[in-house]
There are 2 protein chains.
Amino acid sequence: MFSIGELSRRTKVKVPTIRYYEEMGLLVEAERTSGNQRRYDKAGLERLSFIRHARDLGFSIEAILSLIELQEHPDRSCQAATKIAVAQLADVRAKVKKLKALERELVRMAKGCDGHGVSEDCYVLASLADHEHCENEH
Amino acid sequence: MFSIGELSRRTKVKVPTIRYYEEMGLLVEAERTSGNQRRYDKAGLERLSFIRHARDLGFSIEAILSLIELQEHPDRSCQAATKIAVAQLADVRAKVKKLKALERELVRMAKGCDGHGVSEDCYVLASLADHEHCENEH
DNA sequence: TTTACAATCTCTAGTGACTAGAGGTTCAAG
DNA sequence: CTTGAACCTCTAGTCACTAGAGATTGTAAA
Ligand SMILES: [Zn+2]
Ligand SMILES: [Zn+2]
Ligand SMILES: [Zn+2]
Ligand SMILES: [Zn+2]
């Protein structure tokens, strides 16, 4: 049995975040000492590691809730889990696509101005003022 | 002179968002009718278009504030503008890099499970439980 | 001119996933 | 037994909006 601080150190999840996860229902309410402090065991550590990993991969709290529920029922079909992962993948790919489009425009803008001119003639500012300068939609 | 709704239609920025931008100091306070409704002109339209374009490119409100201030002083050096754009580009590139790493892991997970198994044996869930499955850091 | 009603106004609160701080209590080492 | 780091709860702040309540205004048809 160890404290929330120890759990925090082992998982690299900040203490207030652990409490937040508990409040959100991601972590079951921890056991308490007589003085009302949380105590965790290996199971708690594993659950939090799972959550942390899923968050690192960009899954929402809501998605993680579903994943955990599934994990707690080993006999159920894992179809929902795959669905969530595939949706997350689609989400990530959509974000990459958008960001790549932005990157192209930003490169063009940065190239167009060396910063030695005057605001009035600045290519960056002119580009922001008029989307027509852009080569792609974004 | 046109209403906030008309401005919204022309810029594709929602009405409450326009009011929010005004509150944040991005838009100068609009003229009002005798009945206290906002009225805009071409200058207002151009400023909002600038803001919208910058937001679309991912610039923060704070960054846009600086850009607008610069725009209002045509004689100033545009160094700050370039700096902001370059920082934004770096930010976008960092995000892309992170997302690409996530994409690789998510592809692996999605490939590892067809969704026809049982939760206990699910590769997606196993991968989330243990980062050791991952091929890259993320 | 009156009436109807969409559009506008201000204000407050909610979103997601935390983070920060105040003010008080408990644990563990010395 | 004392000290002080770590813990507790609660509230509020972050970013860039978005939603809704309840009241007022603008405009066009009857
Ligand atoms: Zn420039
Ligand atoms: Zn553009
Ligand atoms: Zn599976
Ligand atoms: Zn991993």
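All values derive from a computational prediction rather than experimental measurement.

Asker: Teacher, can you tell me more about unusual backbone geometry here?
Answerer: Backbone phi values are negative for most residues with the exception of glycine, while trans is the configuration of most peptide bonds. All names here are of chain A. The residue Lys12 is not glycine, and still its phi comes out positive at about 65°. Note on placement: Lys12 falls in the loop between α1 (4-11) and α2 (15-23). At Asn36, a residue that is not glycine, the phi angle is positive and equals roughly 75°. Topologically, Asn36 is positioned in the loop between β1 (31-32) and β2 (38-39). The class for Asn36 is exposed, based on a relative accessible area of 51%.

Asker: Would you explain the protein's contact with DNA strand D in this entry?
Answerer: With respect to spatial proximity, 18 residues lie near DNA strand D, and among them A:Gly5, A:Arg19, B:Tyr21, B:Thr33 and B:Arg55 are the closest. Sugar plus phosphate: this is where 88% of the atoms of DNA strand D within 4 Å of the protein reside. Separating a phosphate oxygen of DNA strand D from a side-chain N or O atom of A:Arg19 is a distance of 2.2 Å. One nitrogen or oxygen atom from the main chain of B:Gly35 is found 3.3 Å from a phosphate oxygen belonging to DNA strand D. Considering each element in turn, the surface near DNA strand D owes the most residues, three residues, to helix α2 (residues 15-23) of chain B. Split by residue class, the surface near DNA strand D holds four nonpolar, nine polar and five charged.

Asker: In this structure, what is going on with the relation of the copies chain B and chain A? I would like to understand it.
Answerer: A rotation about an axis combined with a shift along that same axis relates the two copies of the chain. You can overlay chain B on chain A at an RMSD of 0.1 Å; the transform is a turn of 180° with a shift of 0.0 Å along its axis. Seen this way, the second copy is the image of the first under a two-fold rotation axis. Every residue of chain B has its C-alpha some distance from the rotation axis, and the shortest such distance is that of B:Val96, at 2.9 Å. Taken as a fraction of all interface residues of chain B, those also at the interface in chain A reach 100%, which identifies the copy contact as same-surface.

The rules behind the values
- Residues numbered from 1 in each chain as written.
- Chains lettered and ligands numbered in written order.
- Predicted model: local features only at pLDDT ≥ 70, side-chain atom pairs only at ≥ 80, totals over all residues.
- Heavy atoms only, no water.
- Helix = DSSP H or I, 4+ residues; strand = E, 2+ residues; numbered from the N terminus.
- Buried < 20%, exposed > 50% of the residue type's maximum accessible area, 1.4 Å probe, protein only.
- Near = heavy atom within 4 Å.
- Polar contact = N/O pair within 3.5 Å; in protein donor to acceptor, adjacent residues only side chain to side chain.
- Nonpolar A, V, L, I, M, F, W, Y, C, P; charged D, E, K, R; others polar.
- Least-squares fit on C-alpha atoms with pLDDT ≥ 70 in both.
- Contact = heavy atoms within 4.5 Å.

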